[in-house]
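# Per-entry structural report
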Amino acid sequence: MKKIINYLLNFRFFVRMFRTYKLLMIAIILLSSCRQGNDNNEGNTDITQPEQQTSPASSPDGPDLFSKYACFTCHSLEGGVMYGPPLNGIFMKEVNVIRQGREITVVADRDYLTKAITDPEYEKVAEFKDKTMPKPVIPEDDVETLIDYLIKTGEKE
Ligand code: HEC
């Protein structure tokens, strides 16, 4: 008889354990699913925010190309002189260049910038005439994107 009572008591104990445990399990499941929900939300904002910030233009964008073609190794966009001249505010600036041995002043419009990027030997910035910019192998689209980027960088100031 005692055995049976003991057995029942133990059984009750286990049922109670199971109940608490079950509650714990449910709590853990709820918590983790809540967290997942939050993670998903964070993920969404992470993905959508940069899309809203960047212009709807093309990818890759200016900064990407500026690194891809290593322009940054010779040109600063903050006004400092590195190996080459700084490129912020370059758009429509008057530049002294040497073209076919003659020093002339030109305005750095789109055509000038295109030429400066695609055929650096055609004319050289007078101040930097002893330095050489290597001719990059670069598709026309990327040149356009880079020029847009240089113009935009100048406008911010
Ligand atoms: C190895 C260094 C080097 C790299 C890399 C380089 N440049 Fe240059 N760049 C120069 C030098 C030096 C000059 C000035 C001499 C000249 O005009 O050739 C110059 C001139 C220019 C000019 C004319 C600036 C002015 O004041 O009129 C532009 C625009 C320019 N670079 C854009 C670029 C872009 C865009 C890239 C990347 C695709 C690039 N450069 C990569 C060295 C470099």
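Notes on the structure in this doc start here. Values in this document were obtained by computation on a predicted structure and should not be read as measured data.

### Looking at the pairing of strand β1 (residues 94-99)
Where β1 lies against strand β2 (residues 102-107), six bridges are found, and the strand directions are antiparallel. Looking at the pairing, E94 lines up with V107 of β2. Linking β1 to β2, which pair antiparallel, is a turn of two residues; within it Q100 sits at a positive phi near 50°. Sheet analysis places β1 next to strand β3 (residues 123-125), joined by three bridges and oriented antiparallel.

### Structural notes on the site of the ligand
Within the structure, the ligand sits among 25 residues, and C71, C74, G84, K131 and M133 are positioned closest to it. Looking at the shell around the ligand, the elements that each hand over two or more residues are α3 (110-118) and β3. Tallying contributions element by element places α3 first for the shell around the ligand, with three residues. Among the residues making up the shell around the ligand, the classes are represented as 20 nonpolar, three polar and two charged.

### Re the nonpolar core
Membership of the largest hydrophobic core is limited to 11 residues, which are L77, L87, I90, F91, A108, Y112, A116, L146, I147, Y149 and L150. Examining the composition of this core, we find that four residues originate from one element, helix α4 (residues 140-155), more than from any other. Here I147 is in contact with R110, L113 and T114, once residues within four sequence places are set aside.

How each quantity is defined
- Residues numbered from 1 in each chain as written.
- Predicted model: local features only at pLDDT ≥ 70, side-chain atom pairs only at ≥ 80, totals over all residues.
- Pairing = 2+ DSSP bridges.
- Helix = DSSP H or I, 4+ residues; strand = E, 2+ residues; numbered from the N terminus.
- Near = placed C-beta within 6 Å.
- Nonpolar A, V, L, I, M, F, W, Y, C, P; charged D, E, K, R; others polar.
- Core = buried A, V, L, I, M, F, W, Y, C linked by C-beta atoms within 7 Å.
- Buried ≥ 20, exposed ≤ 12 C-beta atoms within 10 Å, placed from the backbone.
- Contact = placed C-beta atoms within 7 Å.

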